[in-house]
Amino acid sequence: MKANPKNVLTGQHYLDGDHACAEGALSAGCNFVAGYPITPSTEVVERISERFPFVGGIFIQMEDEMASMASVIGAAWAGAKAMTVTSGPGFSLMMENIGLAAMMEAPCVIINVQRGGPSTGLPTLPGQADMMQVRWGSHGDYEIIALSPNSPQECFEFTIKAFNLSEKYRVPVFVMTDECVGHMTEKVIIPPAEKIELKLRRYTKLSPEEYLPFKPEKDLVPDMVKAGDGYRIHVTGLTHDEKGYPVMNWQTQEKLVRRLVEKIRLNKDKIIEYEEEETEEAEVVLLSYGISSRVSIPAIQKARKEGIKIGVLRLVVVWPFPEKRVYELAKKVKAFVVPEMNYGQMVLEVERAAKGKAKTILVPHGGGWVHNPEDIYKAIKEAVK
Amino acid sequence: MKEIEVKEKEGIEEEHPMKHLLRMDRIPHIWCPTCGIGTVLTSFATALEKSEIPLDDISVVSGIGCSGRIAGYIKLDSFHSTHGRAIPFATGLKLGNPKLKVVVFSGDGDIVGIGGNHLIHAARRNMDMVVLCINNFIYAMTGGQVAATTPLTANTSTSPYGNYENPFNLPHLVASCGAVYVARWTALHVRRLAKSMGEALKKRGFSFIEIIAPCSTIYARRNRLGDGLSLMKFYHDNSIIKHGADTRELDIGFQSKIIVGKFVDIERPTFLDSLNEWNRKVLGEKFREYGGPIDD
């Protein structure tokens with residue numbers, strides 16, 4: 001399905017990342033947004049509240065982030081394309097209902113404009129320290145998908161991607177941006193609607209008598225219905241069977257949780273996306289994501305000028321993590337240099353995937369400002385020593 | 001011997017009168033004998049039968065707790081959400097598809113304790129939904145802890161020497177926040193409760209009914225109030241029907257008189273009415289009303 005031209009602001013714009021996320025959501029056909037104001041994400045909902053009355057969308061400013069996330073799941077089950085937006089403290093408050101979204105398999109999108117933490121931390125300054133929280137933050141076993149844009153253009157594009165992935169796999173999908181990208185203003189090109197491909201929700205063709213709400217199709221994702229379709233479904237956060245009924249035993253738990261996990265793990269080759277540059281002859285690979293991938297550019301250029309063979313692996317989809325590709329590269333290169341605005345999160349995944357075949361060098365940063373490229377350059381030098 | 005066999009067979013073949021509204025494949029339910037929730041559910045079934053709302057248009061949302069299990073037994077679209085978040089979940093359902101009639105069915109701990117903030121905001125917004133709050137004065141599912149509704153001096157597992165915290169007066173709380181329909185009944189006022197539920201279902205806006213129900217296993221036992229049935233009867237017999245009563249005077253004490261009735265029945269624009277009317281006024285023809293679910 002193509003995007004609706006009425007929603008798409010085709011043309012060349014000068015937008016910050018937050019506003020670009022909002023335009024991405026609109027282009028994706030998002031028609032329900034619930035949010036609670038929090039710096040530095042507020043501009044997303046501000047733009048949504050300005051634009052929605054003209055495109056037939058509903059924005060509601062909820063009383064807190066728990067309510068925002070819960071209403072997004074309700075709206076998704078009513079048939080809306082639903083999204084919420086937040087940052088650190090709000091993200092923490094959403095965690096219980098993010099688990100509910102995973103358990104109820106509600107397609108939805110969550111934008112996290114990361115700021116420095118922990119706690120209230122640095123409301124107006126960037127961080128990348130929610131990268132493990134997004135993967136593991138709610139209790140229990142589940143899988144999610146997360147993307148990390150490094151420019152306003154990508155904020156636009158990745159928000160559309162996030163909606164498409166959430167419709168296809170029926171999981172909460174996260175756009176993990178940060179204050180720097182969120183407040184950075186750049187050229188954003190919004191293509192004509194017919195160039196924007198949208199993934200439709202897969203509704204069942206079965207009758208209410210035949211239909212089982214949580215019986216998976218071949219891709220492990222069940223077909224959906226909406227509230228009000230006459231199927232009289234029961235949807236619960238309790239462990240449930242294919243009928244959707246709560247069943248409190250290990251067999252049902254095993255079957256359900258295994259599927260929730262495998263629907264992403266077994267489909268991960270279709271989900272994973274990254275950019276690679278000059279990795280063929282590389283002796284060291286710089287692995288990064290989000291704003292840190294842009295800050296690394298001067299360091300990479302400087303190293304290349306000195307004849308260091310450095311390749312780049314930039315994660316577009318951060319979760320699921322491309323462990324297979326990292327292992328392949330690990331067998332060929334001396335080291336991975338991983339700059340991130342935290343004290344070691346995605347670097348743990350790199351280390352795990354490399355299985356000791358290559359060194360991993362973290363270039364940490366506590367957040368509040370981006371890396372000094374010189375620090376990244378020094379790490380590259382150390383890597384090839 | 002032969003006669004007995006016949007009788008047993010007849011017994012098996014007898015159909016449950018609420019069969020079409022219950023998920024019979026989930027019965028027996030988990031509620032204790034003489035718990036008040038079953039009676040309340042029966043009143044709701046009566047109200048649904050009398051209402052002209054197509055059953056496929058109704059969604060029931062529950063939170064967590066004994067009453068939260070209602071969503072699992074009622075044969076309507078039903079959602080069993082997280083603790084305290086039934087109202088915001090229902091808000092999303094309603095706004096996602098405004099054609100739905102959304103009913104939140106849950107307990108006092110869920111709606112008023114952990115979910116209290118959502119309750120007052122939904123009432124303030126006049127979000128179009130019916131909230132049925134079964135108040136058994138205690139956190140029953142988790143073993144009988146003190147609640148925001150426990151009467152003063154009542155014994156609970158976390159107020160073992162008696163409760164010293166002042167409880168909420170629920171009708172007053174929601175009425176002062178802007179609910180358009182507010183009533184209170186006990187679980188044994190089956191006909192009046194069903195009638196009230198019918199009115200609430202017809203009403204546009206935020207309707208709230210508090211239902212005083214006995215917790216037979218914990219509250220009754222801990223406070224030596226007999227079995228659930230006698231406590232249910234006590235609540236009923238000690239209630240005073242006072243329609244239109246001043247909501248400030250509706251506090252409930254330990255084994256005190258309980259004022260019941262319909263206290264508020266007013267008209268006020270709903271959240272969606274206000275959203276649409278205001279935007280039409282300030283944006284004119286450029287305003288596009290929400291078009292409902294996608295792919296419809």
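If you're wondering where the values come from, they're calculated on a predicted model, not measured in any experiment.

Q: So what's going on with the overall build of chain B? Residues and values would help.
A: A tally of helices and strands in chain B yields 11 helices and eight strands. The C-alpha radius of gyration of chain B comes to 20 Å, within 12% of the 19 Å expected for a compact globule of 296 residues. Across its three principal axes, chain B shows a C-alpha extent of roughly 75 × 55 × 35 Å. Within the span of chain B, comprising 296 residues, buried residues form 53% of the whole. Within chain B, counting contacts between residues at least 6 apart in sequence, those at least 24 apart form 67% of the total.

Q: Report on the overall build of chain A, specifying residues and quantitative values.
A: Along chain A, the regular secondary structure elements total 14 helices and 16 strands. Seen through its C-alpha atoms, chain A measures out along the principal axes to roughly 70 × 50 × 40 Å. The buried share among the 385 residues of chain A stands at 57%. Restricting to contacts in chain A with at least 6 residues of sequence separation, those with at least 24 account for 77%.

Q: Mind laying out the packing of helix 11 (residues 297-305) of chain A against helix 14 (residues 373-384) of chain A, listing which residues take part and the relevant values?
A: Two quantities define a packed helix pair, namely the angle between the axes and the distance from one axis to the other. All names here are of chain A. Where helix 11 meets helix 14, the axes come as close as 8 Å, and the angle between the chain directions of the two elements is 45 degrees. When the interaxial angle is binned, helix 11 and helix 14 end up oblique. The way helix 11 lies across helix 14 gives a crossing that is right-handed. On helix 14, the residues touching Pro 298, Ala 299, Lys 302 and Ala 303 of helix 11 are Pro 373, Ile 376, Tyr 377 and Ile 380. Class assignment for the residues of the contact of helix 11 with helix 14 results in seven nonpolar, no polar and one charged.

Q: Account for the nonpolar core, with residues named and values stated.
A: If you look at the biggest cluster of nonpolar residues, it comprises 218 residues, and the most contacted ones within it are A:Ile73, A:Ile145, A:Val318, A:Val337, A:Ile380 and B:Ile211. Mapping this core onto the domain boundaries places at least three of its residues in each of domain 1 (11-195) and domain 2 (274-384) of chain A. Setting aside anything within four residues of it in sequence, one finds A:Val337 in contact with A:Val284, A:Leu286, A:Ile361, A:Val363, A:Ile376, A:Ala379, A:Ile380 and A:Ala383.

Q: Account for the interface of chain A and chain B, with residues named and values stated.
A: Across the contact, 47 residues belong to chain A and 42 residues belong to chain B. Pairing analysis gives three bridges linking strand 10 (residues 234-236) of chain A to strand 2 (residues 77-80) of chain B, with the strands arranged parallel. Of the residues in strand 2 of chain B, the one forming a bridge with A:Thr236 is B:His80.

Q: Break down the environment of A:Asn4 for me, with residues and values.
A: Residue and element names in this part refer to chain A. Checked against the element boundaries, Asn 4 lands in the segment before strand 1 (11-16). For Asn 4, a count of 17 C-beta atoms within 10 Å translates into the label partly exposed. Along the backbone, Asn 4 and Ala 193 are 189 residues apart, and their C-alpha atoms lie at a distance of 6.1 Å. If we skip the residues at most four places from it in the chain, Asn 4 touches Gly 29 and Ala 193.

Q: Can you lay out the sheet that holds strand 12 (residues 284-289) of chain A for me, pointing to particular residues and giving the numbers?
A: Residues and elements named next belong to chain A. Taken together, the five strands give an open sheet; going across it, the order is 11-13-12-15-16, and neighbouring strands pair in mixed fashion. Unpaired on one side and paired on the other, strand 11 (274-277) and strand 16 (359-364) mark the two borders of the sheet. Pairwise comparison of adjacent strand axes, ignoring direction, gives a mean angle of 20 degrees for this sheet. Here strand 15 (residues 335-340) pairs with strand 16 via six bridges, running parallel. Residue pairing for strand 16: Ala 335 is matched across the bridge by Lys 359.

Q: Kindly report on the pairing of strand 5 (residues 108-116) of chain A, identifying the contributing residues and their values.
A: Consecutive side chains along a regular strand alternate between the two faces of the sheet. Residues and elements named next belong to chain A. Taking burial as the measure, the nine residues of strand 5 include nine buried ones, the bulk of the element. Of the strand pairs in this sheet, strand 4 (residues 82-86) and strand 5 are connected by five bridges, and their pairing is parallel. Pairing of Thr 86 across the sheet is with Asn 112, part of strand 5. The β-α-β motif built from strand 4, the intervening helix 4 (residues 88-104) and the parallel element strand 5 has right-handed crossover chirality. As defined by bridge partners, strand 5 adjoins strand 6 (residues 122-126) across two bridges and the pair is classed as antiparallel. Each residue of the ladder has a partner; that of Arg 115, found in strand 6, is Pro 126.

Q: Describe helix 4 of chain A, and please don't skip the residues or the numbers.
A: All names here are of chain A. With 17 residues, helix 4 should cover 24 Å at 1.5 Å per step; its first-to-last C-alpha distance of 24 Å lies within 8% of that length. By the largest-angle criterion, Met 95 marks the main kink of helix 4, which is about 50 degrees. The buried fraction of helix 4 is high, at 12 of 17 residues. Turning to helix 4, its buried residues number three or more, namely Gly 88, Gly 90, Phe 91, Met 94, Asn 97, Ile 98, Gly 99, Leu 100, Ala 101, Ala 102, Met 103 and Met 104. Once helix 4 finishes, Glu 105 follows within two positions and takes phi at roughly 50 degrees, a positive value.

Q: Could you give an account of the environment of A:Ser296, naming the residues involved and the relevant values?
A: Residues and elements named next belong to chain A. Take Ser 296: it is sitting in the loop between helix 10 (290-295) and helix 11. With 258 residues separating them in the primary sequence, Ser 296 and Ile 38 have C-alpha atoms 29 Å apart. Look past the residues within four positions of Ser 296 in its chain and what remains in contact with it is Leu 286, Ser 288, Pro 339, Pro 373 and Ile 376.

Q: Give me the lowdown on the sheet that holds strand 6 (residues 206-212) of chain B, citing residues and values where you can.
A: Reading across from one edge, 10(A)-2(B)-1(B)-3(B)-4(B)-6(B)-5(B)-8(B)-7(B) is the order of the nine strands in this open sheet, with mixed pairing throughout. Across the chains shown, the open sheet's two edge strands, defined by having one partner strand only, are strand 10 of chain A together with strand 7 (239-241) of chain B. Strand-to-strand, the axes of this sheet are offset by a mean angle of 20 degrees, without reference to chain direction. Bridge count for strand 7 of chain B against strand 8 (residues 258-265) of chain B is three bridges, and the pairing is parallel. Following the sheet pairing, B:Ile240 is matched in strand 8 of chain B by B:Ile259.

Q: Can you lay out helix 8 (residues 190-202) of chain B for me, pointing to particular residues and giving the numbers?
A: Residues and elements named next belong to chain B. For helix 8, built from 13 residues, the straight-helix expectation of 18 Å at 1.5 Å per residue is met to within 8% by its first-to-last C-alpha distance of 18 Å. Buried within helix 8 we find Leu 193, Ala 194, Ser 196, Met 197, Gly 198, Ala 200 and Leu 201. Summarising the contacts, the buried residues of helix 8 are in contact with helix 2 (37-50), strand 3 (101-107), strand 4 (129-135), strand 5 (181-186), strand 6 and strand 8.

Q: Can you break down the domain arrangement of chain A residue by residue, with the values?
A: Residue and element names in this part refer to chain A. As far as domains go, chain A holds domain 1 (11-195) and domain 2 (274-384). Relative to domain 2, the C-alpha centre of domain 1 lies at a distance of 26 Å. Each partner contributes to the interface: domain 1 provides 23 residues, whereas domain 2 provides 20 residues. Those elements giving two or more residues to the side of domain 1 that touches domain 2 turn out to be strand 6, helix 5 (131-136), strand 7 (145-147), strand 8 (172-178) and helix 7 (179-182). Looking at the side of domain 1 that touches domain 2, the element that brings in the most residues is helix 5, giving four residues.

Q: Describe the pairing of strand 6 of chain B, listing the residues and the values that go with them.
A: All names here are of chain B. The buried count for strand 6 comes to seven of seven residues, which makes it a mostly enclosed element. Residues of strand 6 alternate between two faces, with Phe 206, Phe 208, Glu 210 and Ile 212 on one and Ser 207, Ile 209 and Ile 211 on the opposite face, all of them buried. By the bridge criterion, seven bridges tie strand 4 to strand 6 in an arrangement that is parallel. The residue bridging Cys 133 from the neighbouring strand is Glu 210, located in strand 6. In the classification by handedness, the crossover that spans strand 5, the intervening helix 8 and the parallel strand 6 is right-handed.

Basis of the calculations
Residues numbered from 1 in each chain as written. Chains lettered and ligands numbered in written order. Predicted model: local features only at pLDDT ≥ 70, side-chain atom pairs only at ≥ 80, totals over all residues. Helix = DSSP H or I, 4+ residues; strand = E, 2+ residues; numbered from the N terminus. Rg over C-alpha atoms; globule rule 2.2 N^0.38 Å. Buried ≥ 20, exposed ≤ 12 C-beta atoms within 10 Å, placed from the backbone. Contact = placed C-beta atoms within 7 Å. Axes fitted to C-alpha atoms, helices over the stretch in contact; angles between N-to-C directions. Parallel < 35°, antiparallel > 145°, perpendicular 65-115°, else oblique. Left-handed = near helix turned anticlockwise from the far one by under 90°. Nonpolar A, V, L, I, M, F, W, Y, C, P; charged D, E, K, R; others polar. Core = buried A, V, L, I, M, F, W, Y, C linked by C-beta atoms within 7 Å. Domains from an automatic or database assignment. Pairing = 2+ DSSP bridges. Right-handed = clockwise from strand over helix to strand, strands pointing away. Expected span 1.5 Å × (residues − 1). Bend = angle between axes of the 7 residues up to and from the residue.

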